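Residues per chain are reported as follows:
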Amino acid sequence: MAAATEAAQRGASVVVFDESPAPGGQVYRAPPAGYAMPADPDRLEGDALRAALAASGAVVKTGHRVWGVGGGPLVPLGEDAAPFRIDALAPDGSNSVTEARALVLATGTHERIIPFPGWTLPGVLGLAAATILLKANGVLPGRRVVVAGAGPLLYAVAAKVAKAGATVAAVVDLAATSEWLAALPALMARPDLLTRGAAWRASLTLKGVPILPAHRIVAAEGDKVLRRVRVAPLGGGEERVIDCDALTIGHGLVPATEATRAFRAAHRYEATAGGWVPVLDEDRRTSIARLYACGDGSGVRGAAAAPASGRLAALAALRDLGLIDSTTHATARSAPAANFARAARAGGAMARMMALRPALVAAIPPDTIICRCEGVTRAQIEAAVTDGATAMNQVKQFTRCGMGPCQGRMCGEAAAELVAAKVGGREKAGFATGRVPLRPVAMDALLGDFDYADIPVPRPAPI
Amino acid sequence: MTAPYDVAVIGAGVMGCSTALHLARAGMKVVLLDRGEICREASGVNAGTLTMQMTRAALIPYALRAHAMWMRMGEWCDGGHVQAVDCPGLSVAFTEHEVAMLEERAHFRRQAGAPIEIVSTARAREIEPGLSDKALLAGHCPIDGFTSAYLTGRAFRPALLNAGVDLRERCAVRGVQPGFSIDTEEGEIRATRLVLAGGVWLQDMAAWLGITLPIKVLINQLVVTERLPPVMRTVLGVASGLLSLKQYANGTVLIGGGWQGIGDRQRGGLAVKPDSFLGNVRLAAHTIPALRDARVVRSWLGLEAETADALPAIGPIPGVADAWIIGSVHSGYTSGPYMGKLLAQAICGQAPELPLFPIDRLLAKDQAA
Ligand SMILES: Cc1cc2nc3c(=O)[nH]c(=O)nc-3n(C[C@H](O)[C@H](O)[C@H](O)COP(=O)(O)OP(=O)(O)OC[C@H]3O[C@@H](n4cnc5c(N)ncnc54)[C@H](O)[C@@H]3O)c2cc1C
Ligand SMILES: Cc1cc2nc3c(=O)[nH]c(=O)nc-3n(C[C@H](O)[C@H](O)[C@H](O)COP(=O)(O)OP(=O)(O)OC[C@H]3O[C@@H](n4cnc5c(N)ncnc54)[C@H](O)[C@@H]3O)c2cc1C
């Protein structure tokens, strides 16, 4: 929203795609039509961003799922870079093709869940997924809910679940109290968040919700549906059993880099930014000319930093397209650059807390499924490494891990960490090549109506 | 510096793996070098079709023998396998022009030994109930099938190691001096004999020896769907050869046929071309209408090599004693294991069961020995 607004206000012809029915992303998600939801601080902030976008003159294509990216550097050898091409599925199911001279990616994150026995049982869902249910639809994940994982979302979800009338059976926090204390100085930059966080915790304490710091979920149990979870202190020690009908669990956020990978932009691994991120300059330029990345999709720094980085990306694009001169650019970028630096400090502290914790991966039992699309277990992944697959692309070939509809979005982190532990790091393990479609795409929408004679069948090989 | 190997094979695709395995089994001390991981180029990303109706007629005798090898891979490859499936194949025609092409091509392939019969659409739809009723005629070959090509490296690797092959992955070769001294990222390797098995990179490899061997690069694109209920049970193609379709046991359908994407030797298979992508999936859905209800999960690309006459480069390298070459085989995955076996026979001084494809014909006059 911020990038599009900034670019359109300065006279660029801008189009924004988002698969949601309304702009807003995850934090500022708008409720579906017909739902009346109480206005919280996120909603007000989101409404302001939405209003600015609507007034900016940018064309907003909501309900459009981008499945294809191309052009730019993806041209035959020796040819000049082409305009970028974006293929999106429109709400009516048809395919829409757009060309653009510059492309800003603001694709956000997906949730990391490190598998444990029982994680595929109905009743287990992601923390972020729970926030969508609560925010967009006002739906509770269950009646007796265990909230587990890492990061500030834990307390946000727990407080909202409790406020909405369900019982929070426990908050199981991977972070020790000392980690939260260590993060405090950085959070001082965002007193608003600090106050809200404190309020969430206070409301939970008031309701007598047990908070278990430095604990993890050992297993989710129940036949067919979730009945209980087993919980243990991180350092080892006695397990306890907590009855529940829902477990919301998340181990942090992973930048969505499908598109930058498809363009073969340079990436680097930065655990405290959520994992693999595109290499960027300070104005959000990737290694590919006229391709920019901003927001959490370019490295997790949180909701306050995201719009600032979006404005920086938009300004860089305008500068590179010659739509603003260097003096205008230098003046215009100083405010968002300062905002980004400030917000990223608090965001960075939270991102560090949500970074992947290798101990969780080490604790996965051998027969636990890692890739749920293809049913690949930890033992199978490790056997593939023993059989000579030392990088993610080859592990995928040897096991099918990451070949299903989610294309490794769910399993990629745990699988890569298992491989990394054997080959000496995530850089060595690498990542799977990015390819279109970025999301599964219905053939029917692609095909349209056609005659056989219209298919440009190439010349056959000689007999 | 290590003691010289009897033979160094450069390139661990299906050609290099099969050659190395058969040489080691014949008693040679073999080193197999690849700049990447085993079978991560064409041999690990191809469509895995083992068809007689796409390969060139001259290669049918080889492909038939190789088909049998794939089906019994576990027996000769220490249990390694690629989930080969033996099933009939159909090649269909939708226009009068394609009918003529189908009949002509079936004729040549039949002469070469492929048991192809021309059948009516009604008969074709008994064999393949998923086939569109728009087909006019079909070629039916009972010997066809497919593999899960992504398993190729995993299938060969243990057998290579068991046979004593020194497999060096992530070890790019930079050049070769006669004799042979092989300049690699890990230092010099010496070998008495040399086999170049570098797929589309054979052109660069031949240049190490001062040989100009033009190799064209095809950028083949593939598309796979999510899991579907059964929609087909054969390998399906079209008369022109520009479609290959099959459904795996897990329900996914693989759509190929050699539609061209964007890429090159330097950058690999970069991206699909939107027009090729659309054309390929349209042709697939025209042939198996149930595919209209599928969702596409992924596309990818790989590089296939082709010589000037589109026939293989397999044999001695003229003018360089003890140097051999193998590659650029049309439908080369299908015949790969057999081609490696033949070349190994020749290197060991035996008469190969079937003739090789010497490259003298492809070289400028002053280069050919
Ligand atoms: C589910 C979820 C819930 C979260 N809840 C909170 C919360 O309550 N509070 C908090 O502080 N932080 C929350 N976060 C953290 C949050 O990601 C960031 O702090 C913030 O949203 C970053 O903004 P962004 O624009 O980078 O990403 P996002 O807000 O995630 O925006 C990315 C947008 O890109 C769209 N998109 C992605 N791929 C495509 C495609 N192929 N085609 C079309 N559109 C596409 C998505 O629909 C989305 O609207 C949540 C994260 C997630 C994943
Ligand atoms: C997308 C696609 C689909 C196909 N579908 C089919 C099909 O359905 N049926 C069929 O029969 N055939 C098919 N083919 C053709 C078939 O895949 C190839 O003919 C066959 O795999 C070629 O094997 P190869 O060993 O010659 O080459 P490759 O498998 O490409 O192996 C060459 C190896 O050389 C290595 N190398 C290169 N340079 C160096 C260096 N400097 N030092 C060390 N190593 C080096 C590479 O890393 C590579 O591993 C398809 C091809 C493609 C690309």
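Conventions used here
Residues numbered from 1 in each chain as written. Chains lettered and ligands numbered in written order. Predicted model: local features only at pLDDT ≥ 70, side-chain atom pairs only at ≥ 80, totals over all residues. Heavy atoms only, no water. Buried < 20%, exposed > 50% of the residue type's maximum accessible area, 1.4 Å probe, protein only. Helix = DSSP H or I, 4+ residues; strand = E, 2+ residues; numbered from the N terminus. Pairing = 2+ DSSP bridges. Right-handed = clockwise from strand over helix to strand, strands pointing away. Contact = heavy atoms within 4.5 Å. Buried area = accessible area lost by both parts, 1.4 Å probe. Salt bridge = Lys/Arg side-chain N within 4 Å of Asp/Glu carboxyl O. Polar contact = N/O pair within 3.5 Å; in protein donor to acceptor, adjacent residues only side chain to side chain. Nonpolar A, V, L, I, M, F, W, Y, C, P; charged D, E, K, R; others polar. Near = heavy atom within 4 Å. Areas by Shrake-Rupley, 256 points an atom, 1.4 Å probe, with all protein chains shown as cover. Domains from an automatic or database assignment.

1. Quick look at the pairing of strand S1 (residues 5-10) of chain B
Residues and elements named next belong to chain B. Taken across its 6 residues, S1 has 5 buried, putting it largely inside the fold. Pairing of S1 with strand S9 (residues 187-196), which is carried by 5 bridges, proceeds in the parallel orientation. Residue pairing across strands places valine 7 opposite arginine 193, the latter belonging to S9. The sheet contact formed by S1 and strand S2 (residues 30-33) spans 4 bridges and is parallel. Note that in S2 the partner of valine 7 across the bridge is valine 30. On the question of chirality, the crossover connecting S1 to the parallel S2 by way of helix H1 (residues 14-25) is right-handed.

2. Side note on the interface of chain B and chain A
Contacts between chain B and chain A engage 57 residues on the former and 53 residues on the latter. Both sides of the chain B and chain A interface together cover about 5000 Å² of buried area, and 56% of this is carbon and sulfur. When residues of chain B are sorted by the area they lose upon contact with chain A, Arg154(B), Arg292(B) and Arg298(B) head the list and together hold 16% of the total. On inspection of chain B and its partner chain A, the count reaches 3 salt bridges. Where Asp444(A) meets Arg292(B), a salt bridge forms, and the shortest distance between an N and an O atom there is 2.5 Å. Linking chain B with chain A are 26 residue pairs in polar contact (both at pLDDT 80 or more), by the criterion used here. Listing elements by their share of the side of chain B that touches chain A, those giving two or more residues are helix H5 (96-111), helix H7 (152-162), strand S14 (262-264), strand S15 (268-271), helix H9 (274-287) and strand S16 (295-306) of chain B. The element contributing the most residues to the side of chain B that touches chain A is H9(B), with 9 residues. Here the side of chain B that touches chain A is built from residues that sort into 28 nonpolar, 12 polar and 17 charged. Direction of pairing for strand S22 (residues 441-442) of chain A relative to S16(B): antiparallel, over a ladder of 2 bridges. Note that in S16(B) the partner of Val441(A) across the bridge is Val296(B).

3. Quick look at the environment of Leu254(B)
Residue and element names in this part refer to chain B. Within the secondary structure, leucine 254 sits in strand S13 (residues 253-256). For the pair leucine 254 and glycine 74, spaced 180 residues apart in sequence, the C-alpha to C-alpha distance is 24 Å. Apart from residues no more than four positions distant in its own chain, leucine 254 is found in contact with Ala47, Leu222, Val223, Val224, Ser244, Leu245, Lys246, Tyr248 and Trp300.

4. Some details on the site of ligand 2
Residues and elements named next belong to chain B. Among the 34 residues in the neighbourhood of ligand 2, the closest are listed as Asp34, Ser43, Thr49, Ser331 and Thr334. Contact between ligand 2 and arginine 35: a nitrogen atom at 3.1 Å from a main-chain N or O atom of the residue. Between ligand 2 and the protein, one listed contact pairs a nitrogen atom with a backbone N or O atom of valine 173 at 3.0 Å. Here ligand 2 loses 94% of its free accessible area of 1000 Å² to cover by the protein chains. At the level of elements, H1, helix H2 (42-45), helix H8 (202-208), strand S10 (216-225), S16 and helix H10 (332-347) are the ones that each hand at least two residues to the shell around ligand 2. In terms of residue class, the shell around ligand 2 is made up of 17 nonpolar, 13 polar and 4 charged.

5. Re the domain arrangement of chain A
All names here are of chain A. Domain annotation of chain A identifies domain 1 (2-109 + 254-352), domain 2 (113-251) and domain 3 (364-429). Each of domain 1 and domain 3 was reduced to a C-alpha centroid, and the two centroids are 30 Å apart. Taken together, the contact pairs 5 residues of domain 1 with 5 residues of domain 3. Carbon and sulfur atoms supply 50% of the area that domain 1 and domain 3 bury against each other, a total of about 480 Å² over both sides. Where domain 1 packs against domain 3, one counts 1 salt bridge. The closest approach of N and O atoms between glutamate 258 and arginine 409, which form a salt bridge, is 2.8 Å. Across the domain 1-domain 3 interface, the total number found is 2 residue pairs in polar contact (both at pLDDT 80 or more). Here the residues of the side of domain 1 that touches domain 3 are counted per class, giving 3 nonpolar, 1 polar and 1 charged.

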